[in-house]
Amino acid sequence: MGQTSFCTTFETELIGRLTLASDGEVLTGCWFEHDRNLERGAAGELVRDDALAAFAPARDWLARYFAGEKPASPGPAHRADGTEFQRAVWAELERVPYGCVTSYGALARRLGERLGRQTSARAVGGAVGRNRLCVIVPCHRVVGADGTLTGFAGGLDVKRRLLELEGVDVCRLCDLLAGRAALGGVPALNRQ
């Protein structure tokens, strides 16, 4: 018999429905509506359980986030299965501060320093694209080297909305990042 995962949904006005998954103890997935990763990301059979206690911290965290509050970091207890490299990339994503962005190349350089070996932006991009915990593990904070909003499971409009919610001035993003060679987490481009 296969593994059972539990699921529920979380509704947002900003980006629509999120599907949450849990192994019964911690959060194991958070996907956008129509997310290409949902089918391959859930382990085994998904059984709906809206009252599962493991979902309560995630719902609280997401409610605060979508209310425009800077949520606690790290987010709710979570675990995502993946390769050692993917897990290292996802851990690095969690280090990108709220309201900041970084590039795939900068993420690769920082990860390479931590791992003690060179890592490519392309490999990092592949791991970012397999993130099973959207919003909570903030893959939306990664942009192209020239500041463009690139590849995102939830769609580029959702990525833009999440960044704007965090106070990032997406209109100025390309101009600012195009002139930076070494992105390490560009501070919030707050609309002030």
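See the structure printed just above.
What you see is a predicted model; the values in this text were computed from it and never measured.

For the chain, the count of helices and strands is 7 helices and 6 strands. N-terminal to C-terminal, the α/β element order of the chain is β-β-β-α-β-α-α-β-α-α-β-α-α. Considering the chain as a whole, with its 192 residues, one finds that 47% of them fall into the buried category. By sequence separation, contacts in the chain at least 24 residues apart represent 64% of the contacts at least 6 residues apart. Carbon and sulfur atoms form 50% of the exposed surface of the chain, whose accessible area is close to 9500 Å².

Time to look at the packing of aromatic side chains. For the structure shown, the criterion picks out 5 aromatic pairs. An aromatic cluster is present here, built from F10, W61, Y65, F66 and Y98 joined pairwise through their rings.

Inspection of every chain in the model, using the stated rule, returns 12 salt bridges. A salt bridge links R48 to D50; the shortest N-O distance between them is 3.0 Å. In this structure, E92 engages R110 in a salt bridge whose closest nitrogen and oxygen atoms are separated by 3.4 Å. In this pair, E92 is assigned in helix α3 (residues 84–93) and R110 in helix α4 (residues 104–115), connecting sequence segments 18 residues apart. One network of salt bridges, with partners in common, ties together E92, R95, R110 and R114.

Moving on: the nonpolar core. Counting residues in hydrophobic clusters, the biggest one holds 39 residues, and the most contacted among them are L18, F32, L62, F66, V135 and L162. Of all the elements, helix α2 (residues 55–66) adds the most residues to this core, at 6 residues. With residues near it in sequence (within four places) discarded, L18 still touches T8, T9, F10, T12, C30, W31, F32, L62, F66 and C134.

Excluding glycine, a negative phi dihedral is what most residues carry, and trans is how most peptide bonds are arranged. We note that V135 has phi near 70 degrees; this positive angle belongs to a residue other than glycine. Within the fold, V135 resides in the loop between α5 (121–128) and β6 (142–143).

Turning next to the pairing of strand β3 (residues 27–32). Most of β3 is tucked away, with 6 of its 6 residues classed as buried. Bridging between strand β2 (residues 16–22) and β3 involves 5 bridges; their strand directions are antiparallel. Among the inter-strand pairings, L20 is bridged to a residue of β3, identified as C30. Remark: 4 residues form the turn of the hairpin made by β2 and β3, two consecutive strands paired antiparallel; G24 in that turn has positive phi of roughly 105 degrees.

Turning to α5, a few remarks are in order. Taken residue by residue, α5 has V124, A127 and V128 as its buried positions. Projected down its long axis, α5 carries its buried residues within an arc of 100 degrees, all on one side.

About the cut-offs
Residues numbered from 1 in each chain as written. Predicted model: local features only at pLDDT ≥ 70, side-chain atom pairs only at ≥ 80, totals over all residues. Heavy atoms only, no water. Helix = DSSP H or I, 4+ residues; strand = E, 2+ residues; numbered from the N terminus. Buried < 20%, exposed > 50% of the residue type's maximum accessible area, 1.4 Å probe, protein only. Contact = heavy atoms within 4.5 Å. Areas by Shrake-Rupley, 256 points an atom, 1.4 Å probe, with all protein chains shown as cover. Phe/Tyr/Trp six-rings, centres within 6.5 Å; stacked < 30°, edge-to-face > 60°. Salt bridge = Lys/Arg side-chain N within 4 Å of Asp/Glu carboxyl O. Core = buried A, V, L, I, M, F, W, Y, C linked by side-chain atoms within 4.5 Å. Pairing = 2+ DSSP bridges. Arc of directions from axis to C-beta.

Nothing here speaks to function; it is all geometry.
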